[in-house]
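Below, each chain spelled out in residue letters.
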Amino acid sequence: MRQGEPASVARQLQDVPSGSLTVVRHTSSERECVLLTDRFSAKTEGKGKLEVYPVFPGVDASYNLLLAPEIAVHHPPSPNVLELFYCHSGRVGWDMRGGTAVYLGAGDLTAHSASCCADSAMVFPLGYAEGISISVDLAVLEAHCPEILRESGLEFSALLEVFCAQKPVTLPACPELERIFAPLYSVPVSRR
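Because the structure is a prediction, the values reported are computed rather than measured.

Caption draft 1: View of the pairing of strand S8 (residues 101-104). Of the two faces of S8, only one is covered, namely that formed by Val102 and Leu104; the face formed by Ala101 and Tyr103 stays uncovered. Two strands pair when backbone bridges link them, and strand S7 (residues 92-95) and S8 are joined in this way by four bridges, in the antiparallel orientation. Bridging from a neighbouring strand, Val92 pairs with Leu104 of S8.

Okay, here's the thing in structure tokens:
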């Protein structure tokens, strides 16, 4: 843990009331969001903020700041939605459906279907976590696939089979993950 991280998260959440999780959508409609729609809810004694940005049709990225002992999350189970969560700092114990549990430290990543986390509890042993979520509705993305992804030869059925038909997959912190996600934290908020 880097010195001052919990205090930094607390400063960034000073305008969020205790007992709430604020979702800030940087899009024109809640319906455009993949997972954090009007049917998403969370309960906590702490507080948090999720800033959601559309990336492509069917793909959202969100910056997550959480300052709480635990957050209970509910959203509709979505077997065609791939959810990635990168833990930038703090620690997360994520109790998911079917008795599955995922434990993440700084730099770790989990990938799972949005059915796994539909009714789940996130526990924060250090009292906070900061991370990035990427939600991908594979059916929408395949139907409206941007040229850059089409050229890559991405196979949506393989992603669905590997990451959404089974239990969550976790990747431990490594330089490759750091190279992907760390630069996103150096971008000023106004340029996200």
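Caption draft 2: Region of the structure containing empty space enclosed by the protein. Under the criterion given, the structure shown has one cavity of 30 Å³ or more. By volume, the largest cavity amounts to about 250 Å³. If you go around the largest cavity, you meet 20 residues; those closest to its centre are Leu36, Phe40, Leu50, Glu83 and Ser133. Every element with two or more residues in the lining of the largest cavity is listed here: strand S4 (59-67), strand S5 (70-74), strand S6 (81-90) and strand S11 (128-137). If one sorts the elements of the lining of the largest cavity by residue count, S4 sits on top with five residues. When the residues that make up the lining of the largest cavity are grouped by side-chain class, the tally is 13 nonpolar, five polar and two charged.

The rules behind each value
Residues numbered from 1 in each chain as written. Predicted model: local features only at pLDDT ≥ 70, side-chain atom pairs only at ≥ 80, totals over all residues. Heavy atoms only, no water. Buried < 20%, exposed > 50% of the residue type's maximum accessible area, 1.4 Å probe, protein only. Helix = DSSP H or I, 4+ residues; strand = E, 2+ residues; numbered from the N terminus. Pairing = 2+ DSSP bridges. 1 Å grid on protein atoms, 1.4 Å probe; cavity = no way out; pocket = protein on both sides within 12 Å on 5 of 7 lines; lining within 4 Å. Points joined across faces, edges and corners; volume = space filled by probe spheres on them. Nonpolar A, V, L, I, M, F, W, Y, C, P; charged D, E, K, R; others polar.

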